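Coordinates in review
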Amino acid sequence: MSHETAPEQRHGKGSGLRETSDFVSVVIGDQLFGIPVLEVRDVLASQRITRVPLAPSEVAGSLNLRGRIVTAIDLRTRLGLPQRPAEQSTGKPRMSVVVDHGGERYSLMVDSVGEVLSLSEANFERNPATLDPRWREVSAGIYRLDGTLLVVFEVTRLLDISTHLEAA
């Protein structure tokens, strides 16, 4: 058992305990998402991915990460978003955020990775009823930031592809 402080409880500057959560921000399409920072193991630039025959459509394939086979999950497909045009004219490759789940590593393919955001738990909200049902199923909730919405991923549900397939 780790002796780390829970992600939502950190000592801030000063004498009090402040309740915050830290998220690695990622963009998929035009939407901002957050992945809990303690679940992130690595951030990768575009990697060579080998297709896996007969895998669910969300599984882009597998990649070799320092000698370890990692399953690559295409979050655009998982979230029901259209595929990005093949290497857009900007030449910007897709990025991946590597997470650990059940002792296995997964590479979550995103359009871009931003900064780590430290957000107050007081501003955390439940998923709005208007949020797309596919997104609601993999979201822990939202934060309203200056003019944009940060949808927080629940990594366990995000990687539970079997549930999604049964619903389809």
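Preceding this section is the structure that the text describes.
Below is a summary of the structure that appears in this document. These numbers were taken from a predicted model, which means no experiment stands behind them.

Moving on to the overall build of the protein chain. In terms of helices and strands, the protein chain carries four helices and twelve strands. Expressed as a percentage of its 168 residues, the buried residues of the protein chain come to 39%. Restricting the contact set of the protein chain to residue pairs at least 6 apart, pairs at least 24 apart contribute 51%. Accessible surface for the protein chain amounts to roughly 9700 Å². Of this, 50% is attributable to carbon and sulfur atoms.

Relative to the assigned elements, Ser25 resides in strand β2 (residues 17-28). Side-chain polar atoms of Ser25 contact the backbone oxygen of Glu115, separated by 2.8 Å. Sequence-distant contacts of Ser25, defined by excluding residues within four places in its chain, comprise Leu32, Phe33, Val113, Gly114, Glu115 and Leu117.

Turning next to the environment of Gly29. Along the chain, the position of Gly29 falls in the loop between β2 and β3 (31-36). In sequence terms Gly29 and Leu75 are 46 residues apart; their C-alpha atoms lie 10.0 Å from each other. Apart from residues no more than four positions distant in its own chain, Gly29 is found in contact with Arg76 and Asp111.

What follows is about the pattern of salt bridges. Taken as a whole and judged by the stated rule, the model has seven salt bridges. Salt-bridge contacts for Asp111 lead to Arg94; the nearest nitrogen and oxygen are separated by 3.7 Å. You can see Asp111 sitting in the loop between β8 (104-110) and β9 (112-120) and its partner Arg94 sitting in the loop between α1 (75-78) and β7 (95-101), a full 17 residues away along the chain. With a relative accessible area of 8%, Asp111 lands in the buried category.

What follows deals with the nonpolar core. Judged by nonpolar contacts, the single largest core of 25 residues is most densely connected at Ile35 and Phe153. Put simply, the parts of the chain that give this core at least two residues each are β2, β3, β7, β8, α2 (133-138), β12 (148-153) and α3 (155-158). If you look at the next biggest cluster of nonpolar residues, it comprises eight residues, including Leu44, Leu63, Leu65 and Ala72.

Attention now goes to the sheet that holds β7. Pairing is mixed across the open sheet formed by five strands, whose spatial order is β4-β7-β8-β6-β5. On the outer flanks of this sheet lie β4 (40-44) and β5 (59-65), each paired with one strand and no other. The mean angle between the axes of side-by-side strands here comes to 30°, regardless of whether they run parallel or antiparallel. Pairing of β4 with β7, which is carried by four bridges, proceeds in the antiparallel orientation. Directly across from Val43, in β7, lies its bridge partner Val97.

So, on to the environment of Thr50. For Thr50, the position within the fold is in the loop between β4 and β5. For the pair Thr50 and Asn64, spaced 14 residues apart in sequence, the C-alpha separation works out to 9.2 Å.

Rules of the game
Residues numbered from 1 in each chain as written. Predicted model: local features only at pLDDT ≥ 70, side-chain atom pairs only at ≥ 80, totals over all residues. Heavy atoms only, no water. Helix = DSSP H or I, 4+ residues; strand = E, 2+ residues; numbered from the N terminus. Buried < 20%, exposed > 50% of the residue type's maximum accessible area, 1.4 Å probe, protein only. Contact = heavy atoms within 4.5 Å. Areas by Shrake-Rupley, 256 points an atom, 1.4 Å probe, with all protein chains shown as cover. Polar contact = N/O pair within 3.5 Å; in protein donor to acceptor, adjacent residues only side chain to side chain. Salt bridge = Lys/Arg side-chain N within 4 Å of Asp/Glu carboxyl O. Core = buried A, V, L, I, M, F, W, Y, C linked by side-chain atoms within 4.5 Å. Pairing = 2+ DSSP bridges. Axes fitted to C-alpha atoms, helices over the stretch in contact; angles between N-to-C directions.

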